[in-house]
Amino acid sequence: MIPYGRQHLDEDDVKAVVETLTSNWLTQGPAIPKFETALADYCGANFGIAVNSATSALHIACLALGVSEGDRVWTSPNSFVASSNCALYCGAKIDFVDIDLNTGNMCVDALRNKLALAESINALPKVVIPVHFAGQPCDMKEIRALSKQYGFFVIEDASHAVGAKYQEKFVGSCEFSDICVFSFHPVKIITTMEGGMALTNNSEWAEKMRMLRSHGITNDPEKMTEDSHGPWYYQQIALGFNYRMTDVEAALGLTQLDKLDTFVEKRNALATYYDKSLRNQENIAPLSQHNDIYSSYHLYVVRVKSLDSTMHTTLVTQLRESGIFAHVHYIPIHLQPYYQNLGFKKGDYPNAERYYQQAITLPMFPDLSENDVTSIVSTLIKHVDNLR
Ligand SMILES: *Cc1c(COP(=O)(O)O)cnc(C)c1O
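Residues numbered from 1 in each chain as written. Predicted model: local features only at pLDDT ≥ 70, side-chain atom pairs only at ≥ 80, totals over all residues. Heavy atoms only, no water.

Near the ligand you find 15 residues, and of these Thr55, Asp157, His160, Ser183 and Lys188 are the closest. The side chain of aspartate 157 places a nitrogen or oxygen atom 2.8 Å from a nitrogen atom of the ligand. Note that a nitrogen atom of the ligand is positioned 3.3 Å from one of the side-chain N or O atoms of serine 159. Burial of the ligand by the surrounding chains reaches 92%, relative to a free accessible area of 380 Å². At the level of elements, helix 3 (54-64) and helix 4 (82-89) are the ones that each hand at least two residues to the shell around the ligand. Partitioning the shell around the ligand into residue classes produces 5 nonpolar, 8 polar and 2 charged. (Near = heavy atom within 4 Å. Polar contact = N/O pair within 3.5 Å; in protein donor to acceptor, adjacent residues only side chain to side chain. Areas by Shrake-Rupley, 256 points an atom, 1.4 Å probe, with all protein chains shown as cover. Helix = DSSP H or I, 4+ residues; strand = E, 2+ residues; numbered from the N terminus. Nonpolar A, V, L, I, M, F, W, Y, C, P; charged D, E, K, R; others polar.)

This paragraph deals with the nonpolar core. Ile155 and Ile179 are the most contacted members of the largest nonpolar core, which totals 47 residues. For this core, the elements supplying multiple residues, two or more each, are strand 1 (47-51), helix 3, helix 4, strand 3 (93-96), strand 4 (127-129), strand 8 (179-183), helix 7 (203-212) and helix 12 (350-358). When we break this core down by domain, the ones giving at least three residues each are domain 1 (11-257) and domain 2 (260-387). Residues contacting isoleucine 155, with those up to four places away along its chain left out, are Leu58, Ala61, Cys62, Leu65, Val127, Val128, Ile129, Pro130, Ile179 and Val181. (Core = buried A, V, L, I, M, F, W, Y, C linked by side-chain atoms within 4.5 Å. Buried < 20%, exposed > 50% of the residue type's maximum accessible area, 1.4 Å probe, protein only. Domains from an automatic or database assignment. Contact = heavy atoms within 4.5 Å.)

The next point concerns the packing of helix 9 (residues 260-277) against helix 13 (residues 370-387). How two helices sit against one another is set out by the angle between their axes and by the gap between those axes. One can describe the packing of helix 9 onto helix 13 by two numbers: an axis separation of 10 Å at closest approach and a directional angle of 35 degrees. Two packed elements cross with a definite hand, and for helix 9 against helix 13 that hand is right-handed. Residues Leu270, Tyr273, Tyr274 and Ser277 of helix 9 form the contact with helix 13, whose own contacting residues are Glu370, Val373, Thr374, Ile376 and Val377. The residue inventory of the contact of helix 9 with helix 13, partitioned by class, reads 6 nonpolar, 2 polar and 1 charged. (Axes fitted to C-alpha atoms, helices over the stretch in contact; angles between N-to-C directions. Left-handed = near helix turned anticlockwise from the far one by under 90°.)

With that settled, the discussion passes to the environment of glutamine 167. Relative to the elements of secondary structure, glutamine 167 occurs in the loop between strand 6 (165-166) and strand 7 (169-170). The class of glutamine 167 is partly exposed, set by a relative accessible area of 29%. A sequence separation of 25 residues divides glutamine 167 from glutamate 142, and the C-alpha atoms of the two residues are 13 Å apart.

Moving on: the domain arrangement of the chain. Looking at the assigned domains, one finds that the chain contains domain 1 (11-257) and domain 2 (260-387). Here the C-alpha centroids of domain 1 and domain 2 sit 26 Å apart. Counting residues at the interface gives 41 residues for domain 1 and 36 residues for domain 2. The contact between domain 1 and domain 2 buries some 3,300 Å² in all, and 60% of this surface belongs to carbon and sulfur atoms. Contact with domain 2 buries surface across domain 1, with Leu101, Gln136 and Ile189 losing the most and accounting together for 20% of the total. Counting across the interface, domain 1 meets domain 2 through 0 salt bridges. (Buried area = accessible area lost by both parts, 1.4 Å probe. Salt bridge = Lys/Arg side-chain N within 4 Å of Asp/Glu carboxyl O.)

The next thing to look at is the pattern of salt bridges. Summed over all chains, the structure comprises 15 salt bridges. Arginine 210 is the salt-bridge partner of glutamate 36, the closest N and O atoms lying 3.8 Å from each other. Of this pair, glutamate 36 sits in helix 2 (residues 31-43) while arginine 210 is found in helix 7, placing the two residues 174 residues apart along the sequence. Overall, glutamate 36 belongs to the buried group, its relative accessible area being 6%. According to the relative accessible area criterion, arginine 210 is partly exposed, its value standing at 31%. For the salt bridge of aspartate 71 with lysine 126, the shortest nitrogen-to-oxygen distance reads 3.8 Å. With aspartate 71 in the loop between helix 3 and strand 2 (72-75) and lysine 126 in the loop between helix 5 (108-120) and strand 4, the pair connects residues that are 55 residues apart, well separated along the chain. What makes lysine 126 partly exposed here is its relative accessible area of 27%. Salt bridges here are not isolated pairs; linked through shared partners, they connect Asp10, Asp12, Asp13 and Lys259.

Let us look at the pairing of strand 3. Side-chain alternation along strand 3 places Ile94 and Phe96 on a buried face and Lys93 and Asp95 on a face that remains uncovered. Bridge count between strand 2 and strand 3: 4 bridges; the pairing is parallel. If you follow valine 73 over to strand 3, its bridge partner there is isoleucine 94. As for the winding sense of the linkage, the β-α-β connection from strand 2 through helix 4 to strand 3 is right-handed. (Pairing = 2+ DSSP bridges. Right-handed = clockwise from strand over helix to strand, strands pointing away.)

And the structure:
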């Protein structure tokens, strides 16, 4: 079975993990700040805060920006549930902005219209969370312009997009956002097993996130309410969490980061090969790519335009029976039972729903070969033709 995504680990990754395991530091050691600095430098951001998942990073990013009860947070319905759950953890209200069918990303026109309407009823969001779907950065310049106009913060959910570029700059530079979040889950671009990072250029938010990832505790005498009792002393000054990354994970992150450019280059080469192999298929459309971006191609997604939901199920099942572990990204978040109970219903975001019925995620990972792609594409075409 060819999976839809898979990590790539080398000897140097294994060596780094084993060395850290046998060192003095398993949890709070030197690899964590090293990994934070290395990735922040790579992306061109001032600060990196490593945590145990992107989900945790999204949560403390919302908290650092002051999201609390009564606030509104908007994100894309075409994402993993973590993109919206983070708002609910803070007691905020969640809402969604429909997507562009051709890219799967938040539609900027839909955002603009929704903001104008929200302003008229005094219901503007505090934070908007664009998701760089499949590794293609959203239209950040436009989103930033709207954030200035309407006064909301921007958190990039870049779980798919470490190593991607927007207008020649790496995602994570936070040039057009306040905080940017990456995931290092094994199916993502680089892995630390579980893990994530929040990047920002704002020292105050960085400090707040550092404190929140570790119980809301500070060792900084400046922040304490009384003089330190001695070198062992700390104070809890906020309600935080245990969201820390381990040193072993960070050591793996460092050796994975060395390979990030190669991973993304390989993914791009495979995507080009997929595109070429599908060029004459009018019914099978790869996601369209804007020309001012460089995708990290976390996912390779095609839309099979002739599909209804029954045919969609049949096609994915047949692909799996043929040894290709096709997947579907994403079930629109607002259709999840938990979200339906919050009042969302079918029909709320028609593009996300229509897209869901036609989208197929094909295998994409650095160790996939062009021969694999050739056979995946011919199997796909055969099954699609049989459906009609
Ligand atoms: C994977 C993913 C997350 C969550 O990442 P974890 O590191 O597993 O918590 C959040 N958002 C998106 C878009 C993702 O793909």
